[in-house]
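Survey of secondary and tertiary structure
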Amino acid sequence: MRADFKIIFLLLLTLLGGTLQAQLSRGKEVEQYLSWEAIEGAWGYELTIRQGDEEIFKTTVNESEISFSLLPGEYEIQIAVLNKFKKTVNTTGWRPLIIKEALQPVIREFSPGEAYLLPGEEITLEAVVFQALDESLFTLVPETGSGSESDLEEEVKLSIIQIDGERVELSFPSDSVEAGEYTLKIKNPSGLEDRNSETVLTLHPSMSPDVRSIDTVELFQYLDYDGVEIKGKNFHPDAEIRIFGQDRVINPYTAEWVNEELIRISFLTKDSPIGEYSLEVTNPSGESDTLKNDIYMAEAPEMVPVRRYPPRNNITFIAAYGPSMPGDSEVEDMDAMPLGFSLKVRHELANARFFSAPGLRPLGIELEIENAHMKQRDTDYVYSHLIMNFKLFYQLQLKKGWSIIPHFGTGTSFLWVNRDSLDGELLQGDIGFNLTLGVSAQKMWNSGFLIEFGIDFMPVYYPSAEFTLTQPWIGGGIRL
């Protein structure tokens, strides 16, 4: 039978250098499966395994496959071809056989949590993995079922840069994967695998900005520029903007992302040197675009103090409704009545210090007139308060026209006690003062119209009695 070369070649391919991984552990022994291409005309095969000079295992099989169990270790194996008379006609000779114990890998963590897919770039991951091997297969598994138009299906194979103990460095080309969310998976040569489903890698598509223009190209020293518009394409909400030149960098103190084609910035030129400057917009992916030498810094006017542009004088009117909820009082058993109105008139102070501070708004003053009504339980006495307040407020600007407004103040209070109803017989009158502490939330539109709601806490003091009022309210108005 002329199969010497053929069987030796096939068996070498099967043994893969003589190393087998554990498939199943029975106690300390490891079950292995071995197969080879059948030899035409052969009655069967005789498989012998030895360790040193000691024969460990020997059997005869008719098929070209066999399962056996051995302890992990280093052995030698020989397969003989038997003819129909069960005589040996050829053997492979002794070949090394190494049986390794199967290792269960465990992915403890990996980073980073997000990356950008820049064309032609390699993305690197660092993972902490227990029992990772040089022969382990690492892949990124797409997170599916997110409701997108087409869920990703194919796993992405990663390259191992190095394994140092439990620390593994991996990489993959950004061109080999689509944007989306992925988890990390490892599969050892034994077939045992693990997947970290708690940590998610988010891959963002690349977004290269395209800066077209800036609406203010001539700047002067020592000036404050507010609302300068940058126009272009592909602006990310977290894009970074800088103006640079003449060995100086000007960083805006505010940057408002309007949309992907418009950003508004505010900045101070201070004592920047005279000359040409460039504008650079950089997206979080690291991609950037620059208008080179399109801006010119000119010498400051003779008035050296910094020019500022505080808001123009304005006035805001608000009408509000809200019942006053009685708290601790010298008059017992008070109940709120569903009547309570107030009129507020505000003016913002043009405070240059607060105006130039990033993210802050000027202080303001408020004049308020409000009334509140309560009834004493199990009596026919109605208590009416008319309160005139002077307040200071401070407006913290949020996004999309919203703001938070804390305020405090004091004022004069008038008290009437009537019988049966608000316009009933007047039994008593008194004059006192109050303290007010409150906070409100405001939404304003570009037209100047606004809605606002809040809550005020007011201790009111009269010579005859003391009251504590809590007033939730809601109203609307206009800023002129």
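The sections below set out a description of the structure shown in this document. Values in this document were obtained by computation on a predicted structure and should not be read as measured data.

Another aspect to go through is the overall build of the chain. The helix and strand tally for the chain stands at two helices and 38 strands. Within the chain, the fraction of its 480 residues that count as buried is 39%. Sequence separation of 24 or more characterises 62% of the internal contacts of the chain that already satisfy a separation of 6 or more. For the chain, the exposed area adds up to about 26500 Å²; of that, 52% sits on carbon and sulfur atoms.

Time to look at the sheet that holds strand β15 (residues 159-164). Across the sheet, four strands lie side by side as β10-β12-β16-β15; this open sheet has antiparallel pairing. With partners counted over all chains shown, the strands left at the sheet margins are β10 (106-111) and β15, one partner each. On average, each strand axis in the sheet is inclined to that of its neighbour by 25 degrees, with strand direction left out of account.

This brings us to the pattern of salt bridges. By the definition in use, this model includes 20 salt bridges. The salt bridge involving R346 is made with E366; its shortest N-O contact spans 2.6 Å. You can see R346 sitting in strand β31 (residues 341-348) and its partner E366 sitting in strand β32 (residues 363-376), a full 20 residues away along the chain. Considered together, R346 and E366 belong to a single accessibility category, that of buried residues. Several salt bridges share partner residues, and in doing so they unite K344, R346, E366, E368, K391, E452 and D456 into one network.

Glancing now at the side chain of N434. You can see N434 is positioned in strand β36 (residues 426-444). We classify N434 as buried; its relative accessible area is 0%. Side chain to side chain, N434 and N389 meet in a polar contact 3.1 Å long. In this structure, N434 is in contact with I387, M388, N389, G409, T410, G411, T412, S413, P459 and V460, ignoring residues within four places of it in sequence.

Before going further, it helps to examine the nonpolar core. Core analysis: the largest hydrophobic core is formed by 22 residues, its most contacted members being V129, F138, L140, L158, F172, L184 and L203. In terms of residue count, the dominant contributor to this core is strand β12 (residues 122-130) (four residues). Apart from the residues lying within four places of it in its own chain, the contact partners of F138 are V129, A132, V156, K157, L158, I160, V168, L170, L184, K185 and I186. If you look at the next biggest cluster of nonpolar residues, it comprises 21 residues, including I214, L223, F235 and L291.

The rules behind the values
Residues numbered from 1 in each chain as written. Predicted model: local features only at pLDDT ≥ 70, side-chain atom pairs only at ≥ 80, totals over all residues. Heavy atoms only, no water. Helix = DSSP H or I, 4+ residues; strand = E, 2+ residues; numbered from the N terminus. Buried < 20%, exposed > 50% of the residue type's maximum accessible area, 1.4 Å probe, protein only. Contact = heavy atoms within 4.5 Å. Areas by Shrake-Rupley, 256 points an atom, 1.4 Å probe, with all protein chains shown as cover. Pairing = 2+ DSSP bridges. Axes fitted to C-alpha atoms, helices over the stretch in contact; angles between N-to-C directions. Salt bridge = Lys/Arg side-chain N within 4 Å of Asp/Glu carboxyl O. Polar contact = N/O pair within 3.5 Å; in protein donor to acceptor, adjacent residues only side chain to side chain. Core = buried A, V, L, I, M, F, W, Y, C linked by side-chain atoms within 4.5 Å.

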